[in-house]
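Summary of structural features
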Amino acid sequence: MPITPFHFGPGALIKVIAPRHFSWTIFALANVLIDLEPVTLFLLIGDPAHPWLHTLPGAIAVAAAAALFGRRPCEWILAWWNRQLSSGWQTRWLVVETPIPLSTAWLSALIGTFSHLGLDSIMHTDVEALWPLISGNSVQGLVSLDMLHGLCVAAAVVALLIFISRPAIRP
Ligand SMILES: [Zn+2]
């Protein structure tokens with residue numbers, strides 16, 4: 001599957017561990033942007049390949065696009081989200097910090113694309129994550145797909161448990 005929500009689990013875990021230094025929204029955007037590659041290629045040639053963006057320079061380029069052009073739209077989405085919350089428990093539990101500092105955007109975007117390459121390298125034979133430094137893919141199949149998905153879901157579950165148990169530190 002070219003776009004998988006499993007990538008978002010580890011991002012959620014990072015978010016609850018370092019909420020003020022990590023933007024899950026930018027992280028998610030970077031993950032979606034990088035997978036425009038296999039989606040577009042699938043629509044054009046029927047093959048969801050990963051030849052350019054799923055490489056070292058490709059991942060940096062996508063992260064730059066997400067950090068530089070995605071920051072404002074992500075802030076608008078977060079502000080819109082906050083406006084939908086009614087006072088009381090929703091505000092207490094679900095309100096989010098709106099500003100995304102540029103350094104946070106860069107860090108989150110890079111974590112997004114690099115973690116994406118890591119997971120995709122295990123999933124797809126054609127992903128050459130370290131090209132042009134290292135060609136080929138020596139980690140494909142290192143962990144079974146079920147195990148990989150299980151770990152991503154487990155990360156999301158742990159993130160949820162931490163989120164529920166630490167309301168006092170939530171911004
Ligand atoms: Zn991908």
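Now for a look at the structure at hand. Residue indices begin from 1 for each chain and proceed along its sequence in written order. Per-residue local features are limited, in this predicted model, to residues with pLDDT of at least 70; the limit for side-chain atom pairs, both in listing and counting, is 80 or more; totals at the level of whole chains, interfaces and linings are taken over all residues. As a rule here, side-chain values cover all heavy atoms of the structure and leave hydrogens and water aside.

Here's the deal with the packing of aromatic side chains
Aromatic rings in a pair are described by how distant their centres are and how their planes are angled relative to each other. Here a Phe, Tyr or Trp ring, Trp counted by its six-membered ring, pairs with any other such ring whose centre lies within 6.5 Å, and the pair is stacked when the planes are under 30 degrees apart, edge-to-face when over 60, and tilted otherwise. The final tally for this structure, using the stated rule, is three aromatic pairs. Considering the side-chain rings of Phe8 and Trp24, the 5.5 Å spacing of their centres and the 70 degrees angle between planes classify their relative orientation as edge-to-face. Here Phe8 is found in helix α1 (residues 8-17), whereas its partner Trp24 is found in helix α2 (residues 24-34), with 16 residues between them in sequence. A run of H or I in DSSP counts as a helix once it spans at least four residues, and a run of E counts as a strand once it spans at least two, with each numbered from the N terminus.

Notes on a nonpolar patch on the surface
Only residues whose relative accessible area exceeds 30% and that form no salt bridge enter a patch; like-charged residues are grouped when within 9 Å of one another, and nonpolar side chains (Val, Leu, Ile, Met, Phe, Trp, Tyr) when within 5 Å. Method for areas: the Shrake-Rupley scheme with a 1.4 Å probe, in which residue coverage is limited to the protein chains shown. Here a salt bridge means any side-chain nitrogen of Lys or Arg lying within 4 Å of a carboxyl oxygen belonging to Asp or Glu. Taken together, the side chains of Leu68, Phe69 and Leu102 define a hydrophobic patch exposed on the protein surface, amounting to about 330 Å² of accessible area. Summarising the element assignment, Leu68 is placed in helix α4 (residues 56-69).

Concerning the packing of α2 against helix α5 (residues 71-84)
Look at α2 against α5: their axes get within 10 Å of each other, and the N-to-C directions meet at 125 degrees. By the criterion of interaxial angle, the relationship of α2 to α5 is oblique. Crossing of α2 against α5: the hand is right-handed. In this structure, α2 uses Thr25, Ile26 and Leu29 to contact α5, whose residues at the interface are Arg71, Cys74 and Leu78. Under the convention adopted here, Pro, Cys and the residues Ala, Val, Leu, Ile, Met, Phe, Trp and Tyr are nonpolar, Asp, Glu, Lys and Arg are charged, and Gly plus all remaining residues are polar. Of the residues belonging to the contact of α2 with α5, the class tally is four nonpolar, one polar and one charged. Each axis is a line fitted through C-alpha atoms, and for a helix only the stretch in contact is used; angles between axes span 0 to 180 degrees, taken between their N-to-C directions. Geometric relationships in this document are graded by angle, where less than 35 degrees denotes roughly parallel, more than 145 denotes roughly antiparallel, 65 to 115 denotes roughly perpendicular, and other angles denote oblique. Here a crossing is taken to be left-handed if its near helix is turned anticlockwise relative to the far helix by less than a right angle, and right-handed if that turn runs clockwise. Contacts between residues were defined by any pair of non-hydrogen atoms, one from each residue, lying within 4.5 Å.

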